[in-house]
Amino acid sequence: MEVEDPINGGKNGQQEQQLGGRKVSWTTGRVDSLNLEAGRFNHGHSRSKDSWGRTLSLAFQSIGVIYGDIGTSPLYVYSSTFTDGIKHKDDILGVLSLIIYTILLLPMLKYVFIVLRANDNGDGGTFALYSKICRYAPKVSMIPNQQPEDMELSNYGIQLPSKELKRAAKIQEALEKNKFAQQILFLFTILGTSMVMGDGVLTPSISVLSAVGGIKHLSTDAIVWISVAILIALFAVQQFGTDKVGFTFAPIVSIWFLFISGIGLYNLFKHDLGVLKAFYPKYMYDYFKRNGKRGWISLGGVFLCVTGTEAMFADLGHFNVRAIQISFSTMVLPALLTAYTGQAAYLTKHQDDVSNTFYASIPHKIYWPTFVVAMAAAIIASQAMISGAYAIISQSLTLGCFPRVKVVHTSEKYEGQVYIPEINYVLMIACVVVTLGFKTTTKIGNAYGIAVVFVMVITTSMITLIMLMIWKTSIWKVILFVVVFGLIELVYLSSVLYKFKEGGYLPLLLAFLLMSMMAIWHYVYKQKYLYEVQNKVSRDDILRIVKNPNVNRVPGIGLLYSQMVQGIPPIFRHFINNIPSINTVLIFVSIKSIPISKVAVEERFLFRRVEAREYRMYRCVVRYGYNDVNESPAQFESHLVDNLIEFIRQETDVGFGSGRITMEESTQQNNIGAASRVSSGSINTGNSQNNAEEELLRSAVDQGFVYLLGESKVIAKRDSSIFKRIIVNHVYDFFRKNFRQGEEVLAIPHSRLLRVGMTYEI
């Protein structure tokens, strides 16, 4: 077929104009059908800016969803800081000054004005940062399934580092070449995820315990058992989803902020306006000079004033940056500063009440209304972190970092709101055990601080990399960012780690167990993928199978699932050897996770024809973002067929006709897979053959779909080390057997499922 340069206005340029400007990847004599499929959409759109009315509405809603945790911190900060009582009256001013500047620097300056900018197409969290880095440095991803077509997705929306900025290019190149750095980055990501899961255990325990502690004249055991009952009830209603009670969240938390602001102002004017001197930073210096090591240790309690800060970034996908900036600056920040200042004023006159500062400082007439609102706010704070833990696990699933679990999307309005039954029960049991084991908020606070500060340190590290490589920020600004926030967080980290034996070990133990699980699963997941790539079915095998008279073609459409996005998986050869039959239409389906939050439905399916037209075999890559919802089988089948028909029509539009399209193995480093070659002799009959192919396809749809799922058992090679054999043959196998199977996760109808087993040696 004659091909002319489209830039010079040749035949291909005319065809591109006829296609309405759709992008087609051309090389001499060759057309890449995946590029064709990816290029037929508009890639220029992005998220539209929300109106001010919608932004203000989102700002109000964010008060209930995001700030329950940080908003209930006044319940226990002073008691966790002054665990041995107040030794000197000026220590109150020193601690208040630390609280004020910790809130101003970390949540306000770092998160509200810097970290929120690092969102991934509107989504936040550790995995969003990792995905953003992987997009700008594609080879950093631990699974080698990148395709150039992925860069054409509208939500990718990236601008590659310019040649002029050598620093960014050098960092990207070094990161892509250094396997150790890639592993460290990945470990940082799953460590952050593990610590968020730790938050999901500790937040409900400390919040509910602190709220129930406001009931007067109750023994410690009574408070603990009431808290346990509330926690069990809280987890029992998770299956209904937060959306059903979402409209009540913002008003309740708003009332809570009004209460603590009013109580703070009351105590400030009644007891001691002089505590406002704490805005002078010198009192922090005097506090450490006076208390020395004891002051450094007390920082673990001070740091609890910013617990829940990470929720501003993790829950960003439900709102927008401006909404969170408005809600924190106008409602949350003033309320928190007023509350802590008022409590400090109260403590100047009632130092013996430090173990129960919040409830002791409440005016008698509004004590019980405040208690009721505090209880509701504590439950909402728990709900926010529990939902955040579900969302984090959901994201890690799509990146192959967690065993298969059932993810239920509980809200049509907020796609990020999910429920995971298995995780729900694990969190419930863990919360009950923690509450019964620690009994007081002071002991839980020792553990709580470690989880929060670790997440902040990880976020700071990843933001620094983004500033250097993606934002291309001035080196002096980067140094200032690292010195200011890194130093503050490392000082706090050193303090909370000091209490390792007093409960600080708990989040580290939880993180170690979760990281081990995620690392093992991801390692075997990657090795299994590489095994399939190395043992994929050759072109000769494909031709031998389709030409074999003993291989029958049965009615219907067969969907053979595989992780591979290039070539034909080895399970196909194994399937034919055991069941010598193929459906009338056979589609090799690969479900692929893209490091973006969402993939538009019209951009989701990529098709390639496998061998000649008469064989009716196709390759399909189905791409999902980490926040996309899997369709029902009926919806998936409908979308797949519609896009396949469109693909067949597009072949004719660019001059494919009925030519033979052979599968050629690419020798390029990225191993994109088979390309397409068009012969010249039958273009004139393209439309008629396409019509016949469409009719055959619709007839096959009427015959029904059959899902062919390969169940691969993975074992270590015989010459592997004992450690590897234990990890692969026993630990991974235990996860595989005790978590959900592939057909359950993909919602494949059992009546149309055919499973084929195969053993992989890695």
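Refer to the preceding data block for the structure.
Conventions used here
Residues numbered from 1 in each chain as written. Predicted model: local features only at pLDDT ≥ 70, side-chain atom pairs only at ≥ 80, totals over all residues. Heavy atoms only, no water. Pairing = 2+ DSSP bridges. Helix = DSSP H or I, 4+ residues; strand = E, 2+ residues; numbered from the N terminus. Axes fitted to C-alpha atoms, helices over the stretch in contact; angles between N-to-C directions. Contact = heavy atoms within 4.5 Å. Parallel < 35°, antiparallel > 145°, perpendicular 65-115°, else oblique. Left-handed = near helix turned anticlockwise from the far one by under 90°. Buried < 20%, exposed > 50% of the residue type's maximum accessible area, 1.4 Å probe, protein only. Salt bridge = Lys/Arg side-chain N within 4 Å of Asp/Glu carboxyl O. Phe/Tyr/Trp six-rings, centres within 6.5 Å; stacked < 30°, edge-to-face > 60°. Lys NZ or Arg CZ within 6 Å of the ring centre and 35° of its normal. Right-handed = clockwise from strand over helix to strand, strands pointing away. Expected span 1.5 Å × (residues − 1). Patch = residues over 30% accessible without salt bridge, like charges linked within 9 Å, V, L, I, M, F, W, Y side chains within 5 Å. Areas by Shrake-Rupley, 256 points an atom, 1.4 Å probe, with all protein chains shown as cover.

## Some remarks on the sheet that holds strand β8 (residues 617-624)
Pairing in this open sheet of 6 strands is mixed, and the strands run β7-β8-β6-β5-β10-β11 from one edge to the other. Since the sheet does not close on itself, it has two edges, and those belong to β7 (605-609) and β11 (753-761), each with one partner. Sheet twist, expressed as the mean angle between neighbouring strand axes with direction ignored, is 25 degrees. Summarising the sheet, strand β10 (residues 705-715) and β11 pair through 9 bridges and their orientation is parallel. Paired with G710 across the two strands is V756, which belongs to β11. Across the face of the sheet, helix α21 (residues 505-534) comes into contact with β5 (552-562), β10 and β11 while running at roughly 95 degrees to β11.

## Observations regarding the packing of helix α9 (residues 179-212) against helix α18 (residues 421-438)
Contact pair α9 / α18: the axes reach a minimum separation of 9 Å and the direction vectors enclose 50 degrees. Between α9 and α18, the angle is such that the two are oblique. Judged by the twist between their axes, the crossing of α9 over α18 is right-handed. Every residue of α18 that contacts α9 at M197, G200, V201, L202, P204, S205 and L209 is listed here: I423, L427, A430, C431, V434 and T435.

## Digging into unusual backbone geometry
Although it is not a glycine, K472 sits at a positive phi angle of roughly 55 degrees. When you line up the elements, K472 lands in the loop between α19 (441-471) and α20 (475-498). Owing to a relative accessible area of 25%, K472 belongs among the partly exposed residues under this scheme. Located in the positive-phi region is R616, a residue other than glycine, with phi close to 55 degrees. Structurally, R616 is set in the loop between β7 and β8. On the basis of relative accessibility, which here comes to 21%, the residue R616 falls in the partly exposed class.

## Overview of the pattern of salt bridges
Scanning all chains against the criterion turns up 13 salt bridges. The shortest N-O distance in the salt bridge between D541 and R544 comes to 2.2 Å. Separated by 3 residues within a single helix, D541 and R544 lie in helix α22 (residues 539-547), roughly one turn from each other. On the accessibility criterion, R544 (53% relative accessible area) is exposed. Across the salt bridge formed by R573 and D541, the nearest N and O atoms sit 3.5 Å from each other.

## A short note on the packing of aromatic side chains
When we look at a pair of aromatic rings, we describe it by the centre distance and by the angle of the planes. All chains considered together, the criterion is met by 23 aromatic pairs. On the basis of an interplanar angle of 15 degrees and a centroid distance of 6.1 Å, the ring pair of Y561 and Y707 is categorised as stacked. Within this pair, whereas Y561 is found in strand β5, its partner Y707 is found in strand β10, the two being separated by 146 residues in sequence. A relative accessible area of 10% means that Y561 is categorised as buried. Taken together, the ring pairs in this structure connect W256, F358, Y359, Y367, W368 and F371 into an aromatic cluster. One Lys or Arg, R117, reaches over the ring of W471 and ends 4.3 Å from the middle of that ring.

## Comments concerning the pairing of β5
The sheet contact formed by β5 and strand β6 (residues 581-593) spans 9 bridges and is parallel. Of the residues in β6, the one forming a bridge with V554 is N583. On the question of chirality, the crossover connecting β5 to the parallel β6 by way of helix α23 (residues 570-578) is right-handed. When β5 meets β10, the two strands line up parallel, connected through 5 bridges. The residue bridging G558 from the neighbouring strand is V706, located in β10.

## What about the packing of helix α8 (residues 166-177) against α19?
At a minimum axis distance of 7 Å, the contact between α8 and α19 shows a crossing angle of 120 degrees. Considering their axes alone, α8 and α19 lie oblique with respect to each other. Of the residues in α19, those in contact with R167, A168, I171, Q172 and L175 of α8 are L465, M467, L468 and M469.

## Overview of the environment of R539
Topologically, R539 is positioned in helix α22. Judged by its relative accessible area of 32%, R539 is partly exposed. In this structure the C-alpha to C-alpha distance between R539 and I568, which are 29 residues apart in sequence, comes to 9.0 Å.

## Focus: helix α6 (residues 90-113)
A turn of α-helix holds 3.6 residues, and therefore any two residues three or four places apart point the same way. Over its 24 residues, α6 extends 33 Å from the first C-alpha to the last, a length consistent with the 34 Å expected when each residue adds 1.5 Å. Within α6, 18 of the 24 residues are buried, leaving the element largely enclosed by the surrounding structure.

## Considerations on a nonpolar patch on the surface
Taken together, the side chains of L265, F269, L273, L276 and F279 present a nonpolar region at the surface, about 470 Å² in accessible area. Locating L265 in the fold gives a position in helix α11 (residues 246-271). Of the residues examined, L265 reaches a relative accessible area of 41% and is grouped as partly exposed.

By themselves, these figures tell us nothing about what the structure is for.
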